[in-house]
Amino acid sequence: MHGWHCWSHRGRSCALRQLVLRLARENPGWGYRRIHGELLGLGRKVGAATVWEILKKAGIDPSPQRADRSWAAFLKAQASAIVATGLFHIDTVLLRRWFVLFFIGHGARRVHIAGITRHPTGPWITQQARNYLMDLGDRAESIKFLIRNRGAYFTDSFDAVFQAAGVRVIPTLPAAPRMNAIAERWIGSCRREATDRILITELVRVSCRSGPKCASIGLAQEA
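Since the model is a prediction, treat every value here as computed from it, not as a measurement.

So, about the overall build of the protein. Across its full length, the protein holds 7 helices and 7 strands. Scanning the protein from its N terminus toward the C terminus, one meets helices and strands in the order α-α-α-α-β-β-β-α-β-α-β-α-β-β. Out of the 223 residues belonging to the protein, those deemed buried represent 41%. For the protein, the proportion of contacts with a sequence separation of at least 24, taken over those separated by at least 6, is 52%. Summing over all exposed atoms, the protein offers an accessible surface of approximately 13500 Å²; the carbon and sulfur share of this is 54%.

Along strand E1 (residues 82-91), 8 of the 10 residues are buried, which leaves the element largely enclosed by surrounding structure. In this structure, E1 lies alongside strand E4 (residues 145-148), joined through 3 bridges in parallel fashion. Along E4, the bridge assignment pairs Ile-82 with Phe-145. With 9 bridges connecting them, E1 and strand E2 (residues 97-105) associate as antiparallel partners. Paired with Asp-91 across the bridge in E2 is Arg-97. In this antiparallel pair of consecutive strands, E1 and E2, the connection spans 5 residues, and Leu-95 shows a positive phi of 65 degrees.

The next thing to look at is the confidence of the model for the protein. Residues with a pLDDT of 70 or more make up 82% of the protein, whose mean pLDDT is 83. Confidence scores differ between elements of the protein, with strand E7 (residues 217-221) showing the lowest mean pLDDT of 46 and helix H6 (residues 156-163) the highest of 97. Ignoring residues within four places in sequence, the model shows residues 1-8, a span with pLDDT below 50, making 0 contacts including any to other chains. This stretch, residues 218-223, has a pLDDT under 50; its non-local contacts, to residues over four places away or in other chains, come to 19 contacts.

Applying the stated criterion across every chain, the model contains 5 salt bridges. The closest approach of N and O atoms between Lys-57 and Glu-53, which form a salt bridge, is 3.1 Å. You can see Lys-57 and its partner Glu-53 sitting in helix H3 (residues 48-57), 4 residues apart, about one turn around the helix. Given a relative accessible area of 68%, Lys-57 falls into the exposed group.

One turn of the α-helix equals 3.6 residues, which is why residues spaced by three or four share an orientation. With 15 residues, helix H7 (residues 181-195) ought to run about 21 Å at 1.5 Å a step, and its terminal C-alpha atoms sit 20 Å apart, in line with that. Along H7, the residues classified as buried are Ile-182, Ala-183, Trp-186, Ile-187, Gly-188, Cys-190, Ala-194 and Thr-195.

This part takes up the pairing of E4. Successive side chains on a regular strand alternate, one facing one side of the sheet and the next facing the other. A two-sided burial pattern is seen for E4, the buried positions comprising Phe-145 and Ile-147 on one face and Leu-146 and Arg-148 on the other. Direction of pairing for E4 relative to strand E5 (residues 168-171): parallel, over a ladder of 4 bridges. Of the residues in E5, the one forming a bridge with Leu-146 is Val-169.

Below, the discussion takes up the sheet that holds E5. Pairing in this open sheet of 5 strands is mixed, and the strands run E3-E2-E1-E4-E5 from one edge to the other. Looking at which strands have only one partner, the edges of the open sheet turn out to be strand E3 (111-117) and E5. The sheet shows a mean angle of 25 degrees between the axes of neighbouring strands, direction not considered. Running over the sheet, helix H5 (residues 122-136) touches E1, E2 and E3 and is turned about 150 degrees from E3. Across the sheet, H6 lies against E1, E2, E4 and E5, angled at about 160 degrees from E4, the strand it touches most.

A separate point is the side chain of Thr-117. Mapped onto the fold, Thr-117 is located in strand E3. Polar side-chain contacts of Thr-117 include one of 3.1 Å to the backbone nitrogen of His-119. Setting aside residues no more than four positions away along its own chain, Thr-117 makes contact with Trp-98, Phe-99 and Trp-124.

Before going further, it helps to examine H3. Considered for burial, the residues of H3 that qualify are Ala-48, Val-51, Ile-54 and Leu-55. Taken end-on, H3 shows its buried residues confined to a sector of 120 degrees, consistent with a single buried face. For H3, exposure combined with an orientation more than 90 degrees from the buried face picks out Ala-49 and Lys-57. Backbone geometry just downstream of H3 places Gly-59 in the positive-phi region, at approximately 80 degrees.

Cut-offs applied
- Residues numbered from 1 in each chain as written.
- Predicted model: local features only at pLDDT ≥ 70, side-chain atom pairs only at ≥ 80, totals over all residues.
- Heavy atoms only, no water.
- Helix = DSSP H or I, 4+ residues; strand = E, 2+ residues; numbered from the N terminus.
- Buried < 20%, exposed > 50% of the residue type's maximum accessible area, 1.4 Å probe, protein only.
- Contact = heavy atoms within 4.5 Å.
- Areas by Shrake-Rupley, 256 points an atom, 1.4 Å probe, with all protein chains shown as cover.
- Pairing = 2+ DSSP bridges.
- pLDDT = per-residue confidence, 0-100.
- Salt bridge = Lys/Arg side-chain N within 4 Å of Asp/Glu carboxyl O.
- Expected span 1.5 Å × (residues − 1).
- Axes fitted to C-alpha atoms, helices over the stretch in contact; angles between N-to-C directions.
- Polar contact = N/O pair within 3.5 Å; in protein donor to acceptor, adjacent residues only side chain to side chain.
- Arc of directions from axis to C-beta.

Printed below as a string of structure tokens:
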């Protein structure tokens, strides 16, 4: 009878240890006191010191620093794997409006002008997405996240192009342009340093690859 009691006790101890470690691994921001409280809520009568000892023996910090789960922290930690996209317009002196689709890597801030058009439809933008990934070749494998706004031209078909390549598409929240701050900042720089300084008569796509400026958009100036 005594032997059965010891076996039963060891079994319960093993199950408790596994539960403590599971809670710790699935919730890295929780310390031993939070885990202790969760266990009490589950009806497990155990002391906080016991939880602390289990975590310590398993090599898990019983009192971890609370992880920074902010959007800014995410962008900083994943910069090399994030690409943002956006669409902005340029008006000419002939009262024609052109739309420019671009992609920008968060890590190197390299800008890729995907295309220019007067009529940005869903199918057109989806095709530019395919072309972009084809141009990247093997480098596309490094992209894990794509940030885009909620414009109607970014359709499910557009998202599917990236999802098929293993990229997670993250739409910005409504009225939250700061979620795509790097793309928005590049648009602002492009306007301040180029398009707002000259009278444009026509827009011509010169190249699909560019550096940090508007080098890949041909701006025909008025003489």
